[in-house]
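Spelled out from the first residue to the last, the chains are:
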Amino acid sequence: MMPHAASHAADTGGVLAAGVPRFGHRELSALLQRHYDLSGAFTPLSGERDQNLMVTAGDGRRYVLKIACAAEPSEALAFQNAALDHIAASDPALAVPRTVASQDGHTLIPVSQGETIFMARLVTHLPGEPALDFRATPGFRLEAGHLAGRLDRALSGFHHPAATRELIWDLGQAERLEGWLPFIADPARRAIAERVSADFKAHAVPAFAALRRQVIHNDIHQNNLLRDPASGVITGLIDFGDMVETCLVNEVAIAIAHQLYREPDLLAVAAQFLAAYTAAMPLEPREIAILFDLVKMRLLSREIIAAWRSARSGQASPYRTDISELGWQALTRALAIDPDHATAHLEKAMTPPAPSAAAQAVSADPSYDDLLARRKNAMGPSYREFYQQPFMPVKGEGVWVTDAHGKRYLDAYNNVPHVGHCHPRVADAVARQMRVFNSNTRYPSELIVRYGERLLATMPAHLDTVIFTCSGTEANELAWRIATANSGGSGALVTSGAYHGNSTIIGALDPATIPADRLEPWIGVVKAPGFSGAAGPRGDELSAADYAATYREAIAALASRGHQPAAFFICPVFASDGLYAAPAGYLDPAIAEIRRAGGLIIADEVQSGFGRTGTHFWGFQHAGFVPDIVTMGKPMGNGLPLGAVVVRRSLVEGFLRTQRYFNTFGGSQVAAVAGLAVLEVIEKEKLQENALQVGNYLRANLNGLMGRHAAIGDVRGTGLFAGMEIVRDKAPAPDKARAVIEDLLTRGVLVGVTGLGRNLLKIRPPMCFSRENADMLADALDKALAKIG
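Residues numbered from 1 in each chain as written. Predicted model: local features only at pLDDT ≥ 70, side-chain atom pairs only at ≥ 80, totals over all residues. Heavy atoms only, no water.

Visitor: Help me understand the pattern of salt bridges in this model?
Guide: Working definition: two side chains of opposite charge can pair if their charged atoms are close together. Evaluated as defined, the whole model comprises 31 salt bridges. Of the charged contacts, one joins Asp 199 and Lys 296 as a salt bridge, the two residues approaching to 3.9 Å between their closest N and O atoms. Linking Asp 199 in helix 5 (residues 187-204) with Lys 296 in helix 8 (residues 285-313), this pair joins segments that are 97 residues apart in sequence. Judged by relative accessible area, which is 22%, Asp 199 ranks as partly exposed. When its relative accessible area of 2% is taken as the criterion, Lys 296 is described as buried. Between Lys 296 and Asp 293 there is a salt bridge, with the nearest N and O atoms lying 3.6 Å from each other. With Lys 296 and Asp 293 both in helix 8, this residue pair falls three residues apart, about one helical turn. What you see here is one network of salt bridges that share partners, running through Asp 91, Arg 150 and Arg 153. (Salt bridge = Lys/Arg side-chain N within 4 Å of Asp/Glu carboxyl O. Helix = DSSP H or I, 4+ residues; strand = E, 2+ residues; numbered from the N terminus. Buried < 20%, exposed > 50% of the residue type's maximum accessible area, 1.4 Å probe, protein only.)

This is the structure in structure tokens:
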């Protein structure tokens, strides 16, 4: 046997060589009746190693009964069932089989025949016939690509202990097939195989370690794609027996390879499938760079394994020889294509050019326009669209958002899903609690108290009391009431770009949008410390003493209008001002001025808290100051309305001497379990550490773009909160910043804009953002900036 062949024989020979189960009609009927309370007619289906039968029940419903050969590990079958259940939960409309549980709730049933134990399972039957002998059309490839993309998107969060198995059909292990090349008898074909194998080893294998990995179907081809014989429409995907955890791009390579039989223009065919796939599941540049080598290797793998199996059995190939002939023809055509040209062609297919304004007007989405009209009619003019072009997200998962047409976007902006869109730990906790009990803090609750204790454990010892609210606005409103009750003051200090909420009081603290002559007289404004990032000092930064002097001036101005400061509201990373970070100790003299005047320090952690800075759990720790009150909102519930005020006990007691506070929905049991789940995910998934490491990597990538694009004035930030300043001749260029985020949307990336000049790209993704996501973002920014100029 050739080198490495033994291990391959182990994972193939045992299963493929074992006899398939042969249950008779009476045994099958008894099995169905006993375990599923079903009876019906049986129709045999094909199966290389299983006994598969279509079951038509008395009520007309159809199922597939699958009895695996005895050599098939039960863990592998459980893996397949778990994957199908995960897909059903993630994308219920996806046309794949659904598991059917037995009467006692199991999806895997042991059945015996003589002394041999087989494992049986029942799944739903999908209509249609295999598309193997159907000549694929561009429409068929687009359907197949979209289905494959949706499938991999649905599987992207799925893990299983049996997924990391050895499998000769895994392209991630295809290097091991090199030892079987001598089994290819024809010298000319063996020479083709050696060229393809050498290219694969040189280009693809070294890249594998840096590529995204997940569970994939691993066998999307025409025999597993079902089609309606009348219309040709794809009706579903079957056979999940070759699933494995491997590089995501392998799924695409396998599916494209099987589209190339009988096709003279390989790149056109590949581009059709790829465009549809990436609309649902975008690929990254490093994945596209090796895709063509993977496609060739998949075509070759089939023929190597066919030759080995033929030599091993001493008989003709067990695979269709006509398909083998077509495979060698496709390989010959593929080797005639320049690899760099192929990669460039595939990159273009993945990122089609953005349509012109005229084209967009012609191709407007009528359903989107209708929805906007209905929204305006029902909800009034206060709701505005975030983008100038149509964008309607309908689903989120991790760092991804999917729109109404199935296109997926990398979310590098939204901090509400702090630990990732629709994190299953948070979603499951909320769903379970909603079915148990949900009330308010008027009644003692173990859940709510436990959450309060967990939250306080992250704070300095002097911040020893938590009061729950529904939002950051409510938290800041309550903090203001506590501050005025204890300080005797009536004035507020905020930075010039501040935003702290939208109530009557807190909404007035918005000097960025309210003209100076319309600001309330009890509001004093100070500048944020304008310390720059990658571009170095700008030359106009004040010393700590001079910066503190501006606070004295603002306090004096308040006094001249009859107001003593009650509080200073501060975002520790000055996010809305433009994302500035002061050196250690820089803020101390300024804060001392506020305390001397009797004011309290309120740290608004809505944007900077829960580990986002990477260096610390709270933004005020990162900024190096000690607050009297901390407020928080949005991210703490990962999408569920939840806010809180954390404060010294003595301040709460002072507040309650003259006022009262109660919030019906603030701190409910459902809110508490959401908050607890968020804290648990941050800890277990090490998301603060991830924010530090990936954040540093991201900003390094963004800094690297500065030398390529004059439009970048600065890169700054901390952890997973980055800002890129867009300028024209060193002056703020808000129009150009807007053009960049609109272009990024067409490339499947979401970012925002912030800062006083509205020219800072706001990059604030969910905390599970990865290095690969950072690479995709940087690449999209590079292309967008090159286009905008």
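Structure shown, so let's carry the discussion forward.
Visitor: What is the right way to look at the environment of Trp 328 in this model?
Guide: Its location among the elements puts Trp 328 in helix 9 (residues 321-335). Separated by 139 residues in the primary sequence, Trp 328 and Arg 189 place their C-alpha atoms 7.5 Å from one another.

Visitor: Please explain helix 8 as it appears in this structure.
Guide: In this model helix 8 runs 42 Å from its N-terminal to its C-terminal C-alpha over 29 residues, within 8% of the 42 Å that 1.5 Å per residue would give. The largest bend along helix 8 reaches roughly 45 degrees and is located at Leu 291. With 23 of 29 residues buried, helix 8 is to be regarded as a mostly interior element. Backbone geometry just downstream of helix 8 places Gly 314 in the positive-phi region, at approximately 75 degrees. (Expected span 1.5 Å × (residues − 1). Bend = angle between axes of the 7 residues up to and from the residue.)

Visitor: Help me understand the pairing of strand 23 (residues 721-728), please; the structure alone is not making it clear to me.
Guide: Regular strands show a simple pattern: their side chains alternate between the two faces of the sheet. With respect to burial, strand 23 is a largely interior element, seven of its eight residues being buried. The sheet contact formed by strand 22 (residues 712-718) and strand 23 spans six bridges and is antiparallel. Across the sheet, the residue bridging to Gly 717 is Ala 722, located in strand 23. In this antiparallel pair of consecutive strands, strand 22 and strand 23, the connection spans two residues, and Gly 719 shows a positive phi of 55 degrees. Two elements, strand 23 and strand 27 (residues 760-763), share four bridges in a ladder whose sense is antiparallel. Bridging from a neighbouring strand, Ala 722 pairs with Ile 763 of strand 27. Here strand 23 runs beside strand 24 (residues 731-732); their pairing, made up of two bridges, is antiparallel. Across the sheet, residue Val 727 finds its bridge partner in strand 24, namely Pro 732. Where strand 23 hands over to strand 24, the hairpin turn is made up of two residues, of which Asp 729 adopts a positive phi near 55 degrees. (Pairing = 2+ DSSP bridges.)

Visitor: Even after reading the chapter, I still don't get the confidence of the model for the chain, so can you show me in this structure?
Guide: Any region with low pLDDT has predicted coordinates that should not be read closely. Summing up the model confidence of the chain, the mean pLDDT is 90 and the portion of residues at 70 or higher is 94%. Counting contacts from residues 1-18, a segment whose pLDDT is below 50, to residues more than four positions away or on other chains yields 39 contacts. Segment residues 352-363: pLDDT under 50, and four contacts once partners within four positions in sequence are set aside and those in other chains are kept. (pLDDT = per-residue confidence, 0-100. Contact = heavy atoms within 4.5 Å.)

Visitor: So what exactly am I meant to see when it comes to the sheet that holds strand 9 (residues 225-227) here?
Guide: The pairing of strands in a sheet comes from backbone hydrogen bonds and takes either a parallel or an antiparallel form. Judged by pairing direction, the sheet is antiparallel, and its three strands sit side by side in the order 7-9-10 without closing on themselves. Each edge of the open sheet is held by one strand with a lone partner, namely strand 7 (129-130) and strand 10 (234-237). Relative to strand 10, strand 9 is paired through three bridges, and the arrangement is antiparallel. Across the sheet, residue Leu 225 finds its bridge partner in strand 10, namely Leu 237. Contacts from helix 4 (residues 138-155) reach strand 9 and strand 10, with the element oriented near 35 degrees to strand 10. (Axes fitted to C-alpha atoms, helices over the stretch in contact; angles between N-to-C directions.)

Visitor: Looking at this model, I keep getting lost on the nonpolar core. Mind explaining?
Guide: Here is a general trend for soluble globular proteins: nonpolar side chains tend to be buried in one another's company. In this structure, Leu 455, Met 632, Met 724, Leu 777 and Leu 781 are the most contacted members of the largest nonpolar core, which totals 98 residues. With 11 residues, helix 21 (residues 669-684) is the largest single contributor of residues to this core. Not counting chain neighbours up to four residues away, the residues in contact with Met 632 comprise Leu 455, Met 459, Ser 471, Gly 472, Ala 475, Val 606, Phe 610, Trp 618, Gly 643, Ala 644 and Val 646. Listed in part, the 93 residues of the second largest apolar core include Leu 151, Ile 192, Ala 193 and Ile 290. (Core = buried A, V, L, I, M, F, W, Y, C linked by side-chain atoms within 4.5 Å.)

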